[in-house]
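Breakdown of the fold
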Amino acid sequence: MIITVIGANSPSPRGAELAREVGRELAERGCAVACGGLGGVMEAVCQGAKSAGGTTIGILPGADPAEANAYVDLPILTDMGYARNVIVVKTGRAVIAVDGAYGTLSEIGHALADGIPVVGLETWELPEREELRARVAYAASPAEAVDMALAAAHERDRREQAARG
């Protein structure tokens, strides 16, 4: 299973540590990690995943594989700039948002609009609106974020399989 992790390019030290822990937790549970492939949360989550023997995928904004952080196993070149945010969130069966700036907010919006489950860990807090079905589920720790993302991803798989018949 692939889980996408999104977050700030310049996270707080705590945000980077949370991302490393999320990456390690995902790898220990046999998941591949997808992210934007650059620095900050993206590098930290890849570093954490690699520390536990995991596989990392970086969806890069440019056309040069050398842009990827040192912990990316599979660099995907898009040459699309910020438009690659849609690909980043669609790559995983669920999204974990750690810390984050405006690019993270954009990715959260794309994921929710497409029915992709989003788990937040010290990230943007969005108000709930009755007319919108999707919402961010907030976790208190990296392990809880991974638990919630995996449960949501499995539920998404069950729903989609049932819809196919």
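Only a predicted model underlies this, so the values are computations on that prediction, with no experimental measurement involved.

**Let's talk about the overall build of the protein**
A count of helical and extended segments in the protein gives 5 helices and 7 strands. In sequence order, the protein lays out its α and β elements as β-α-β-α-β-β-α-β-α-β-β-α. Against the 2.2 N^0.38 benchmark of 15 Å for 165 residues, the protein shows a C-alpha radius of gyration of 14 Å, consistent with a compact globule. Along the first, second and third principal axes, the C-alpha atoms of the protein reach 40 × 35 × 30 Å. Out of the 165 residues belonging to the protein, those deemed buried represent 45%. Sequence separation of 24 or more characterises 56% of the internal contacts of the protein that already satisfy a separation of 6 or more. Taken as a whole, the protein presents about 8000 Å² of accessible surface, with 52% of it coming from carbon and sulfur.

Here is what the cut-offs are and how they apply
- Residues numbered from 1 in each chain as written.
- Predicted model: local features only at pLDDT ≥ 70, side-chain atom pairs only at ≥ 80, totals over all residues.
- Heavy atoms only, no water.
- Helix = DSSP H or I, 4+ residues; strand = E, 2+ residues; numbered from the N terminus.
- Rg over C-alpha atoms; globule rule 2.2 N^0.38 Å.
- Buried < 20%, exposed > 50% of the residue type's maximum accessible area, 1.4 Å probe, protein only.
- Contact = heavy atoms within 4.5 Å.
- Areas by Shrake-Rupley, 256 points an atom, 1.4 Å probe, with all protein chains shown as cover.

Such coordinate-based values are descriptive only and should not be taken to indicate function.
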